[in-house]
Amino acid sequence: QVQLVESGGGLVQAGGSLRLSCTASGHTFSNYAMGWFRQAPGKEREFVAAISWGGGTTNYAVSVKGRFTISRDNAKNTVYLQMNSLKPEDTAVYYCAAGPLIQTFNYWGQGTQVTVSS
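Visitor: So what's going on with the overall build of the chain? Which residues, and what values?
Guide: Across its full length, the chain carries zero helices and 11 strands. Relative to the globule expectation of 13 Å for 118 residues, the C-alpha radius of gyration of the chain, 13 Å, shows essentially globular dimensions. Expressed as lengths along the three principal axes of its C-alpha atoms, the size of the chain is roughly 40 × 25 × 25 Å. Counting every position in the chain, which comprises 118 residues, the buried fraction comes to 44%. In the chain, of all internal contacts separated by at least 6 residues, the share reaching a separation of at least 24 is 55%. For the chain, the accessible surface area stands at approximately 6000 Å², while carbon and sulfur atoms represent 47% of it. Counting 9 positive and 6 negative side-chain charges, the chain places the averaged centre of each group 5 Å from the other.

In structure tokens, the structure reads:
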């Protein structure tokens, strides 16, 4: 069973930064692609960023490209999402996900709240 635990969310002013972390257990972390998704109140869950198992390939949503950076440390079983120049529209619950391919995710964390005030 794969467990994913997110941390690092919180309240930040517009223009500020946060770094989310997701630590995985229960599987061989380096075998899995990892991703971040988010869900704002009243909206569907949307893709934010993803990274391949080795870290050589990354994908970003257009809305966050140039502001967010996904990275991973396979030795620590952890994936990160560095979020800079945050905007109020980035407010959402952010979820970590794991899967066999960079476009396919089977396992999900419980989420961490990010709130950006204007």
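Visitor: Describe in detail the packing of aromatic side chains, supporting the description with residues and values.
Guide: All chains considered together, the criterion is met by four aromatic pairs. For the ring pair Tyr32 and Tyr107, a centre distance of 6.1 Å and an interplane angle of 65° mean the geometry is edge-to-face. On the criterion of sequence distance, the pair formed by Tyr32 in the loop between β3 (18–25) and β4 (33–39) and Tyr107 in strand β10 (residues 107–108) is long-range, its members being 75 residues apart. Relative accessible area serves as the criterion here: at 19%, Tyr32 is assigned to the buried category. Arranged with centres 4.9 Å apart and planes meeting at 65°, the rings of Phe37 and Trp108 form a pair that is edge-to-face. Highlighted residues: Phe37 in strand β4 and Trp108 in strand β10, separated in sequence by 71 residues. For Trp108, a relative accessible area of 33% corresponds to the partly exposed category. The rings of Phe37, Phe47, Phe105 and Trp108 are connected pair by pair, giving a single aromatic cluster.

Conventions used here
Residues numbered from 1 in each chain as written. Predicted model: local features only at pLDDT ≥ 70, side-chain atom pairs only at ≥ 80, totals over all residues. Heavy atoms only, no water. Helix = DSSP H or I, 4+ residues; strand = E, 2+ residues; numbered from the N terminus. Rg over C-alpha atoms; globule rule 2.2 N^0.38 Å. Buried < 20%, exposed > 50% of the residue type's maximum accessible area, 1.4 Å probe, protein only. Contact = heavy atoms within 4.5 Å. Areas by Shrake-Rupley, 256 points an atom, 1.4 Å probe, with all protein chains shown as cover. Lys, Arg positive; Asp, Glu negative; His and termini not counted. Charge placed at Lys NZ, Arg CZ, Asp CG, Glu CD. Phe/Tyr/Trp six-rings, centres within 6.5 Å; stacked < 30°, edge-to-face > 60°.

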